[in-house]
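A structural walkthrough
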Amino acid sequence: MADHISVQGHPGSVTSTDDRETASAVVKPPALALGPLGWVRANLFNTWFNSILTILILWLAYKIIPPLVNWLIINSVGPGEGVTAQACRASGGACWAFIHEKYRLILFGLYPYEEQWRPIASILIIVGLLGVSSNRNFWKPWLLAVWAAAAVVIGVLMWGGVLGLPFVRNTLWGGLPLTLILSVVGLVVAFPLSILLALGRRSDLPIVKSLCVTYIELIRGVPLITVLFMASVMFPLFLPTGVTIDKLLRAQIGLILFASAYLAEVIRGGLQAIPKGQYEAADSLGLTYWQKTRKIILPQALSITIPPLVNTFIGFFKDTSLVIIIGLFDLMSASKAALTDPAWRGFYKESYLFVAVVYFAFCFFMSKYSQWLENELHRGHKR
Amino acid sequence: MPANKAPRGSLINDPAARAIFFQILVLGGVLLLGWYLVSNVMENLARQNIATGFSFLDREASFAIGESMIAYSPANSYSQALLVGFLNTIKVAVLGIILATVLGTIIGIARLSSNFLVAKLASAYVEVIRNIPVLLQLFFWYAVIGESLPGPREALNPLPGVFLSNRGMRVPALGDDPIWVWVGVAFLVAVVAVWFVARWARKRQEATGQQFHTVLASIGILVALPLLAWLLGGAPTALDIPALQGFNFRGGTSVSPEFAALLLGLVVYTASFIAEIVRSGIRSVNWGQTEAASALGLHRGTVLRLVVLPQALRIIVPPTTSQYLNLTKNSSLAVAIGYPDLVSVANTTLNQTGQAIEAVSIMMAVYLTISLGISLFMNWYNKRIALVER
């Protein structure tokens, strides 16, 4: 194959002229097959087609990278005293002063300015706990208790009203904490629900099975946005007269209904991967259905579903951005709101870039974690 | 023991009886919940004086829709408006699926390229695009088109007759000549003819071993028949070229900024997922298969077409199906940037009439039908290409 240039440098295998004469005692490798030059030949110019592609990409890079660097760094306007939108527009570069002006609105929404240490603390608690939970050594029952305690602490921090903290209505919550709360609470509540749905789908009882299949396929067949519409316009009609339910809770319930159907399919995959012998062995021990499920099947099924569960969570985390359409003030919609300030019109690139970086950071680390975990969990099965 | 009947315990311990009991319990619970919700809904609707039922569909919609594939005016009924929205959804979904498949396949193959730059560029694309919400990308593309492109008066003109501005893209259209319809018909006839030629060629090769240049013949038929129809119709060359009149363009065909942003966002996002599927599908085919095929003396292209791809497709098709479904469902995000798709029209209908339950049910029913349709088609295709085992 022409793709592989020999690095041992057998005389004649590569067209090199200079080394032939001195090759009497020790055959030196041809200069063009080793070092940076050899690497370039092997990886960038190994066929005529690849050479064309390489030149094309280099040309594009030459066209794109200098203006991009100019925009991002050289011409950009940093934050400072008296920097206005006019100065930004005149510079022709990125307006980081805009981000400096608006980052608290984007990250924390309309939460009262002096109290914003509370959402910061909540974010740190959630991120810290996600970090702790990613370590397998901590997968113990007490971790659940820690999460429950954290939920209480975050509730106290965000709402306030006790311990001398001023009360903050949840209509004022916004930005990153809202995105994190919607996705983490959604996942945590949907998880047990999805286990029941998955078990129901694998059940021998025809009525239970058909109910679960209908629910799962119904939710998976429609876009999240219609589920959110249902939550925002139909839920109020479902409740008895006089009972109201606030917008955040409605959206959260919609997200839970949606997530449970998708998680159920992931868990069903795990259940199907358990060898039949495990079920039969549990039956022959005389365990009841729930004993068998709880002690034999679920521990095995759940541990193999963790990597796909993390992937589902990444998708779900991104999908919470859709709550903008029913009027919640999450990270996505806060970034749009920052653009409506008449004094700072038109800096959509900076705003979207900032939010994209936040989403990307979360999703990228989670996806790398899921890949690492998959290897880690499969280590015992590898030969 | 003469009696082969096992000693029966109490009914409580009988698995069959328990199964029936629990199912009745579950069903009863679900029905009770359903009855409770429905009775609440009835009560609330009665209180708010909202009539139930789909009779509102015949009323006049009285709102305009930006772009439509069929004739529509605000005087038409809600059902007509919803049909317009449905067709717009189908339009963006079909185009999106085709383009995302092409782009995803190219990027997936690029990730396997032996060219270092190409491979790294492709994997950077996949990693970045996959980890940013599609809604954010839609907003971004919409803003790029709306704010970065110049107004119609200073429109970019990359090709003669093609104008890019913040009002969208204008391209020349074919003139009003009726012959263009016949050219289209001739093309469809050519497609059918190619199918028969390919079948005949395959049968002949199986029977006699004689090969036939199917590809060349197909291209010939596909070009020749429409060309013939065009020539017979007097070879009209008049094109409807867009021209600036006042503040906007007239003539030609336009692509609205909303449609362009939605299509671009969906294609770019979905392609990154399809790329990963294509890459893993190709990687899953054992290298030995390629080597064996080369040892038989097949060309590189033939190896890919006859040996690698048929095997890779079996891995690729099922997850790609779910990406197609995702793209179709994500097209509902059109409502966020103002493209009049089904959800957007149904949402307007909902706000005007207050018929929340009916409007949401229509949205859900339509998407369920589309999802079911795509699933059935892809299952059929998957069966066709599946490995035939003993």
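Identification of chain A as Amino acid ABC transporter permease from Skermanella stibiiresistens SB22 is taken from an unreviewed UniProt entry. Under the heading Sequence similarities (unreviewed entry), UniProt records this for chain A: "Belongs to the binding-protein-dependent transport system permease family. HisMQ subfamily."

Scanning chain A from N- to C-terminus turns up 15 helices and 0 strands. Out of the 383 residues in chain A, the part that is buried amounts to 43%. On chain A, the mean spot of the 30 positive side-chain charges and the mean spot of the 20 negative ones are 5 Å from each other.

Turning our eyes to something else, we now look at the overall build of chain B. Secondary structure assignment for chain B yields 12 helices and 8 strands. The principal-axis extents of the C-alpha atoms in chain B amount to approximately 90 × 70 × 45 Å. The buried share of chain B, taken over its 390 residues, is 37%. Once local pairs closer than 6 in sequence are excluded, the contacts in chain B between residues at least 24 apart make up 67%. Counting every atom, chain B has about 22,200 Å² of accessible surface; 67% of that belongs to carbon and sulfur. Computed over 26 positive and 18 negative side-chain charges, the separation of the two mean positions in chain B equals 13 Å.

Looking now at the pattern of salt bridges. Across all of its chains, the model carries 8 salt bridges over all chains by this definition. Of the charged contacts, one joins Glu-127 of chain B and Lys-368 of chain A as a salt bridge, the two residues approaching to 3.6 Å between their closest N and O atoms. Of this pair, Glu-127 of chain B sits in helix α3 (residues 116–130) while Lys-368 of chain A sits in helix α15 (residues 348–378), on two different chains. Glu-127 of chain B sits in the buried class, given a relative accessible area of 15%.

Attention shifts here to the packing of aromatic side chains. Two aromatic rings are characterised by how far apart their centres lie and by the angle between their planes. For the coordinates displayed, the defined rule picks out 20 aromatic pairs over all chains. Three or more aromatic residues joined by ring pairs make a cluster, and in this case those are Phe-313, Phe-317, Tyr-359 and Phe-362 of chain A. Sitting over the ring of Tyr-262 of chain A, Arg-220 of chain A keeps its end group 5.5 Å from the ring centre. Its guanidinium or amino end placed over the ring of Phe-139 of chain B, Lys-336 of chain A lies 3.9 Å from that ring's centre, counting from NZ or CZ.

Two quantities define a packed helix pair, namely the angle between the helix axes and the distance between the axes. As a packed pair, helix α9 (residues 206–221) of chain A and helix α1 (residues 15–48) of chain B sit with axes 8 Å apart at the nearest point and diverge in direction by 35°. Between α9 of chain A, through Pro-206, Ile-207, Val-208 and Leu-211 of chain A, and α1 of chain B, the contact on the second element is made entirely by Gln-23, Val-26, Leu-27 and Val-30 of chain B.

Residues and elements named next belong to chain B. What the 4 strands build is an open sheet, ordered β1-β2-β3-β8; its pairing is antiparallel. At either end of the open sheet lies a strand with only one pairing partner, and these are β1 (156–159) and β8 (253–255). Ignoring strand direction, the axes of neighbouring strands in this sheet form an average angle of 25°.

Our next topic: the interface of chain B and chain A. Facing the 54 residues of chain B at the interface are 55 residues of chain A. Summed over both partners, the interface of chain B with chain A buries about 4,700 Å², with 73% contributed by carbon and sulfur atoms. Inspection of the chain B/chain A interface yields 1 salt bridge. Inspection of the region where chain B meets chain A yields 12 residue pairs in polar contact (both at pLDDT 80 or more). Listed by contribution, the elements that provide at least two residues to the side of chain B that touches chain A are α1, α3, α4 (134–148), α7 (257–283), α9 (300–330), α10 (334–337), α11 (342–353) and α12 (356–385) of chain B. Among the elements that take part in the side of chain B that touches chain A, α1 of chain B stands out by supplying 14 residues, more than any other. In terms of residue class, the side of chain B that touches chain A is built from 35 nonpolar, 12 polar and 7 charged.

So, on to the environment of Val-360 of chain B. With respect to the secondary-structure elements, Val-360 of chain B resides in helix α12. The sequence separation of Val-360 of chain B and Val-307 of chain B amounts to 53 residues, and the corresponding C-alpha distance is 47 Å. In this view, Val-360 of chain B contacts Thr-226, Phe-229, Met-230, Val-233 and Met-234 of chain A together with Leu-350 of chain B; residues no more than four positions away in its chain are not counted.

Quick look at helix α13 (residues 289–319) of chain A now. Across its 31 residues, α13 of chain A extends only 36 Å between first and last C-alpha, which sits more than 12% below the 45 Å expected from 1.5 Å per residue. At Ile-306 of chain A, α13 of chain A shows its largest bend, some 50°, and a proline, Pro-307 of chain A, comes one to four positions later.

All right, on to a nonpolar patch on the surface then. Residue and element names in this part refer to chain A. On the surface, Trp-59, Leu-60, Tyr-62, Ile-64, Ile-65, Leu-68, Val-69, Leu-72, Ile-73, Ile-74, Leu-353 and Val-357 cluster together into a nonpolar patch covering about 1,200 Å² of accessible area. Counting only elements with at least two residues in the nonpolar patch, the list comes to α3 (48–74) and α15. Among the elements that make up the nonpolar patch, the one with the highest residue count is α3 (10 residues). As for its placement among the helices and strands, Val-69 is situated in helix α3.

A word on the UniProt feature "domain: ABC transmembrane type-1" (unreviewed entry) in chain A. UniProt's entry tags residues 176–366 of chain A with the feature "domain: ABC transmembrane type-1" (unreviewed entry), counted in the numbering of this structure. Taken as a whole, residues 176–366 of chain A contains 79% helix and 0% strand, while its terminal C-alpha atoms sit 16 Å from one another.

Let us now look at the environment of Val-168 of chain A. Residues and elements named next belong to chain A. Structurally, Val-168 is set in the loop between α7 (141–159) and α8 (175–201). On a C-alpha basis, the gap between Val-168 and Thr-288 in space is 49 Å, while along the polypeptide they are 120 residues apart. Aside from chain neighbours lying at most four places away, what touches Val-168 is Tyr-111, Pro-112, Arg-118, Met-158, Trp-159 and Trp-173.

This next bit is on the packing of α8 of chain A against α13 of chain A. Residues and elements named next belong to chain A. For the pair α8 and α13, interaxial distance at closest approach is 10 Å and the crossing angle is 145°. When the axes of α8 and α13 are compared, the crossing they make is right-handed. Side by side, α8 and α13 meet where Thr-179, Leu-180, Leu-182, Ser-183, Val-184, Gly-186, Leu-187, Phe-191, Ile-195, Leu-196 and Leu-199 of the first sit next to Tyr-289, Trp-290, Thr-293, Leu-298, Leu-302, Leu-309, Phe-313, Phe-316 and Phe-317 of the second. Class assignment of the residues belonging to the contact of α8 with α13 gives a composition of 16 nonpolar, 4 polar and no charged.

Parameters and conventions
- Residues numbered from 1 in each chain as written.
- Chains lettered and ligands numbered in written order.
- Predicted model: local features only at pLDDT ≥ 70, side-chain atom pairs only at ≥ 80, totals over all residues.
- Heavy atoms only, no water.
- UniProt positions renumbered as here; feature names shortened; annotations may be inferred.
- Helix = DSSP H or I, 4+ residues; strand = E, 2+ residues; numbered from the N terminus.
- Buried < 20%, exposed > 50% of the residue type's maximum accessible area, 1.4 Å probe, protein only.
- Lys, Arg positive; Asp, Glu negative; His and termini not counted.
- Charge placed at Lys NZ, Arg CZ, Asp CG, Glu CD.
- Contact = heavy atoms within 4.5 Å.
- Areas by Shrake-Rupley, 256 points an atom, 1.4 Å probe, with all protein chains shown as cover.
- Salt bridge = Lys/Arg side-chain N within 4 Å of Asp/Glu carboxyl O.
- Phe/Tyr/Trp six-rings, centres within 6.5 Å; stacked < 30°, edge-to-face > 60°.
- Lys NZ or Arg CZ within 6 Å of the ring centre and 35° of its normal.
- Axes fitted to C-alpha atoms, helices over the stretch in contact; angles between N-to-C directions.
- Pairing = 2+ DSSP bridges.
- Buried area = accessible area lost by both parts, 1.4 Å probe.
- Polar contact = N/O pair within 3.5 Å; in protein donor to acceptor, adjacent residues only side chain to side chain.
- Nonpolar A, V, L, I, M, F, W, Y, C, P; charged D, E, K, R; others polar.
- Expected span 1.5 Å × (residues − 1).
- Bend = angle between axes of the 7 residues up to and from the residue.
- Patch = residues over 30% accessible without salt bridge, like charges linked within 9 Å, V, L, I, M, F, W, Y side chains within 5 Å.
- Left-handed = near helix turned anticlockwise from the far one by under 90°.

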